Amino acid sequence: MRAIVLTLLVSALALAGEAAYRRGELLWSCDFTADEVKALRKAGSDVTPFWQANEGAKGGGALPFKSTGGSALTRLKVPRKAFAGIVQIEADVKGVDVCRGSTRYHGPKVMFSHMVGGQRKHPQMDAEFGTWDWKTWIRLEAFGEGSAPPEHFTLGLELAAGEFWIDALRVYATEEVPDATVSVAPPNPQADKIPRGPYFGRRRPGGFRGVMSPGRHHFITADDIATLHAWKANLLRLQIQVDRKKVACEEDFDRLLAERLTDVDRVLGHCRRYGIKVVLDLHTPPGTRKNKYAGNMIPADYDTAPLRRAWRTIASRYSGDPILYGYDILNEPGCAPDVWDRIFRETVAEIRRIDAKTPVLCYFLTTYYPEEMNVIYSPHCYEPHALTHLGVGVPPGTDVVRWSYGNYVNGVFWNADQLRVGYYNRGILQFRLAHPKARMYLGEFSCIAWTKGAADYIRDAIALCEEYDIDWTYHAFREAPIWDVEYESPDGVPDARRLVRATRDTDRKKALLEGLSLNAGGK
């Protein structure tokens, strides 16, 4: 029965290749037969400790990886000649109680490593979590000029608990075909099963809708805030950044934070003038570090004392200010949920000694806190990442797979229905349905300037927030041009150097303004 289900599923996904990219000739495959495992071992692949006979979807061999929270990984050598041009990589996988790791990169892993423009990249398939029967994951990747083919796959579980099984790997050649090849979205039974939100088909009264402030490039100005008022925004997520390069000790951080808070004072004054609520976002907190996985990587033994001292300073300065929407304790914490729970509780306890009323924002959706803590649950969502961040981190001029919204992305048709599934699988809609009275706020969402269909993506993400009574801020206002709705990509090439400031409202800006108009009773 499993073999029949898998065959049907693979056939359906092969059809997906008929969208923007058509799957072609099989270039390489491995079904983990006994003979293949022997050959892999001779070639230097360390798969034999994991291999099990007769446990695959079709009764053949498979690689099971099991972990209680650490890593169970192996490398599988692959012939480099199998990777040329745009290829479609497929993996037949299943999972049992697979938990999320501390970042979106940690978890079940089908990854390869290769050089792109002199930089080492580690593309991997979009992971799933929970329990699922055998299915096929798909990822397309471009290996063009300036891109070296990989020498091996990294397979298994990385810093995550559960069981992850791999039955087969395949690499196909592909060719690009017109988007018009797909005119009708396929049925989406997963989306149909998700309960609709309380404002499905009707307008959400009240609520807060806005943008995230610039942080790296300039601190938001009075003119910027006047513009947001004209756009009808009533919420600003204000980045409070401290330059890590200038911090050699705790005293340095405290001094730089105090300097930054003088800018915050000015911004709050402008926001009071226009009635725009403010989230104070400690974007670069003390004691964290930035790496390829997250902006704020946090060790398990993280000492909260510097963070608590920072929030003691902030709360003492702004306690009781009615212009505040909430305190965003720490931007995108890169740690396990249980580590975050400790950090969050200790920091909130410190704040509550000074400020008993201002809500506190929690990034993770793994714990429902007592009402007296006054928590607003504030995840971020870029789903699917391959679409929203198309070309990010890739050297300019390098070939990339040009995904579009309203089409297939790595074998899945992404439209409003699938976005609902994506938000559900990320836990956002699950949490909302389980806790209908909780306050929720989507702190970040976006879609990069050159992605075809980006405006529809923004519009559909806003519609989900409205339906499920979730406040939101778009990432980001007048920060990097790749996210700025006032910039456009004239030729659709994934290259930030080619973006230009638009002379008219871009489609992305129109979508954002439509959402913000709901603050003034717009439809």
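That block above? That's the structure.
All residue numbers here refer to positions counted from 1 along the written sequence of the relevant chain. Per-residue local features are limited, in this predicted model, to residues with pLDDT of at least 70; the limit for side-chain atom pairs, both in listing and counting, is 80 or more; totals at the level of whole chains, interfaces and linings are taken over all residues. The basis for every side-chain value is the complete set of heavy atoms in the structure, and neither hydrogens nor water enter the calculation.

Undergrad: It is not clear to me how the overall build of the protein should be interpreted in this structure. Could you clarify?
TA: Of regular secondary structure, the protein possesses 12 helices and 24 strands. When we talk radius of gyration, it's over C-alpha atoms, and the globule rule is simply 2.2 Å times the number of residues to the 0.38. A globule of 523 residues ought to have a C-alpha radius of gyration of about 24 Å, and the protein, at 24 Å, matches this closely. By its C-alpha atoms, the protein is 70 × 50 × 45 Å across when sized along the principal axes. In this scheme, a residue with accessible area under 20% of its type's maximum is buried, one over 50% is exposed, and one in between is partly exposed, where area comes from a 1.4 Å probe on protein chains only. Here the protein, with 523 residues, has 54% of them falling under the buried criterion. When checking whether two residues touch, look at their non-hydrogen atoms; a contact exists if any pair is within 4.5 Å. Within the protein, counting contacts between residues at least 6 apart in sequence, those at least 24 apart form 76% of the total. For this count, His and the chain ends are skipped, Lys and Arg are scored as positive, and Asp and Glu as negative. Here the site of a charge means atom NZ of a Lys, CZ of an Arg, CG of an Asp or CD of a Glu. Positive and negative charge centroids in the protein, built from 68 and 65 side chains respectively, lie 2 Å apart. Secondary structure counts use DSSP, requiring at least four H or I residues in a row for a helix and at least two E residues in a row for a strand, with both numbered from the N terminus.

Undergrad: Sorry, what's going on with the sheet that holds strand β9 (residues 152-158) here?
TA: Strand pairing in a sheet is mediated by backbone hydrogen bonds. Such pairs are either parallel or antiparallel. Think of it this way: DSSP has to see at least two bridges between two strands before they count as a pair. Taken in spatial order, the 3 strands of this open sheet run β3-β9-β5, and their pairing is antiparallel. A strand with exactly one partner marks an edge of an open sheet, and here the two such strands are β3 (72-77) and β5 (107-112). Strand-to-strand, the axes of this sheet are offset by a mean angle of 10 degrees, without reference to chain direction. In terms of strand pairing, β5 meets β9 through 6 bridges, oriented antiparallel. Bridging from a neighbouring strand, Phe-112 pairs with Phe-153 of β9. Interaxial angle, 0 to 180 degrees, is taken between N-to-C directions of lines fitted to C-alpha atoms, where a helix line uses only the stretch in contact.

Undergrad: What should I look at first to understand the pattern of salt bridges in this one?
TA: Where side chains of opposite charge bring their charged atoms close, a pairing between them can arise. In what follows, salt bridge is the name for a side-chain nitrogen of Lys or Arg lying within 4 Å of a carboxyl oxygen of Asp or Glu. Summed over the entire model, instances satisfying the criterion amount to 38 salt bridges. With a shortest N-O distance of 3.0 Å, Arg-22 and Glu-175 are connected by a salt bridge. Residue Arg-22 is found in strand β1 (residues 21-30), and its partner Glu-175 is found in strand β10 (residues 161-176); the two are separated by 153 residues along the sequence. A relative accessible area of 28% places Arg-22 in the partly exposed class. With its nearest N and O atoms 3.6 Å apart, the salt bridge here joins Glu-259 to Arg-255. Of this pair, Glu-259 and Arg-255 both sit in helix α5 (residues 250-274), 4 residues apart, roughly one helical turn.

Undergrad: Would you mind going over the nonpolar core with me for this structure?
TA: What tends to happen in soluble globular proteins is that the nonpolar side chains get buried as a cluster. Only buried residues count toward a nonpolar core. Its members are Ala, Val, Leu, Ile, Met, Phe, Trp, Tyr and Cys residues joined through side-chain atoms within 4.5 Å. Grouped together as the largest cluster of nonpolar side chains are 104 residues, with contacts concentrated most on Leu-280, Tyr-327, Phe-344 and Tyr-423. Dropping the residues within four chain positions of it, Leu-280 is found in contact with Leu-238, Ile-240, Val-264, Trp-311, Ile-314, Tyr-318, Leu-324, Gly-326, Tyr-327 and Asp-328.

Keep in mind these values describe shape, not function.
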